[in-house]
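Here are the chains, one letter per residue:
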Amino acid sequence: MSHSRRISIIAGTAALLLTATACSGLGRSTVGMLEFRGHDSPVEVSYSNTSVKGCHRIALPEGATHVENNTLVDVVLYQTEDCRKLDRGDGTYVATTLSNVTAPEALPWRSFTVIH
C-alpha cells in the first residue's frame, strides 16, 4: 500500500469519526434564533442555542401568537406549558426558516419542542 493511500484512508477515517461524534453529542442545540411575540405586544423573546432535548416554556406571560423560526431545525408549538397535546389536536409544526401567526382569538402557544 502506498504512503499517500494510507494517509487518505487515515484522513477519511478521522473525518468519519468526527462526523459521527458530532451527531451523537448529548449537548446538541439549535443553530439560529427562535423568536416569539404575543398578540399586539411589542415584547419579544428570543431563544438561541436551545437544547434539542425536552420541553421549553415560552417566557411570555400571555403566551405567544407569533413565531419566527430562523433556526436550522423544525419545532412544534404547544398551547400548554408542558408540551401536552390538547383535545383539539397535536401541536403546531413550524418548519425551519418559517413563520406562523395564529388568529387573535386562538389560544396562544406556551411551550415548544425541537425536532432533530
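Just so you know, these numbers come straight off a predicted model, no measurement behind them. (Residues numbered from 1 in each chain as written. Predicted model: local features only at pLDDT ≥ 70, side-chain atom pairs only at ≥ 80, totals over all residues. Heavy atoms only, no water.)

Asker: Just give me the short version of the environment of Arg-57, but keep the residues and values in it.
Answerer: With respect to the helices, strands and loops of the structure, Arg-57 is situated in strand E3 (residues 55-57). For Arg-57, a relative accessible area of 52% puts it in the exposed group. For the pair Arg-57 and Glu-81, spaced 24 residues apart in sequence, the C-alpha to C-alpha distance is 5.8 Å. Beyond its immediate stretch of four places on either side in the chain, Arg-57 contacts Tyr-47, Glu-81, Arg-110 and Ser-111. A polar atom in the side chain of Arg-57 sits 3.2 Å from the side chain of Glu-81. (Helix = DSSP H or I, 4+ residues; strand = E, 2+ residues; numbered from the N terminus. Buried < 20%, exposed > 50% of the residue type's maximum accessible area, 1.4 Å probe, protein only. Contact = heavy atoms within 4.5 Å. Polar contact = N/O pair within 3.5 Å; in protein donor to acceptor, adjacent residues only side chain to side chain.)

Asker: Outline the pairing of strand E1 (residues 32-37), listing residues and values.
Answerer: Bridge count for E1 against strand E4 (residues 66-71) is 6 bridges, and the pairing is antiparallel. In the sheet register, Glu-35 faces E4, and the bridge partner there is Glu-68. When E1 meets strand E2 (residues 44-48), the two strands line up antiparallel, connected through 5 bridges. Within E2, the residue paired with Met-33 across the bridge is Ser-48. Once E1 ends, the chain turns through 6 residues before running back antiparallel as E2, passing Asp-40 with a positive phi of about 50°. (Pairing = 2+ DSSP bridges.)

Asker: So, the state of the cysteines: which residues are in play, and what are the values?
Answerer: This structure, assessed with the given rule, holds 1 disulfide. Disulfide pairing is shown between Cys-55 and Cys-83; the S-S distance is 2.0 Å. With the S-S bond torsion at 90°, the cross-link from Cys-55 to Cys-83 turns out right-handed. In this pair, Cys-55 is assigned in strand E3 and Cys-83 in the loop between strand E5 (74-78) and strand E6 (92-94), connecting sequence segments 28 residues apart. Taking the relative accessible area as the measure of exposure, Cys-55 reaches 37% and is therefore partly exposed. For Cys-83, a relative accessible area of 14% translates into the label buried. (Disulfide = S-S within 2.5 Å.)

Asker: Requested: an account of the sheet that holds E3, with residues and values cited.
Answerer: Here 4 strands make up an open sheet; going across it, the order is E3-E8-E5-E6 and the pairing antiparallel. The sheet is open, and its two borders are formed by E3 and E6, each paired with just one other strand. The average undirected angle you get between the axes of adjacent strands in this sheet is 30°. (Axes fitted to C-alpha atoms, helices over the stretch in contact; angles between N-to-C directions.)

Asker: Can you explain the side chain of Ser-111? Please cite residues and give values.
Answerer: Along the chain, the position of Ser-111 falls in strand E8 (residues 111-115). Polar contacts involving the side chain of Ser-111 include one to the main-chain amide nitrogen of Cys-83, which spans 3.1 Å. Once you skip the residues sitting within four places of it in the chain, Ser-111 turns out to touch Cys-55, His-56, Arg-57, Ile-58, Val-76, Leu-77, Tyr-78, Thr-80, Glu-81, Asp-82 and Cys-83.

Limitation: the analysis is restricted to geometry and does not speak to function.
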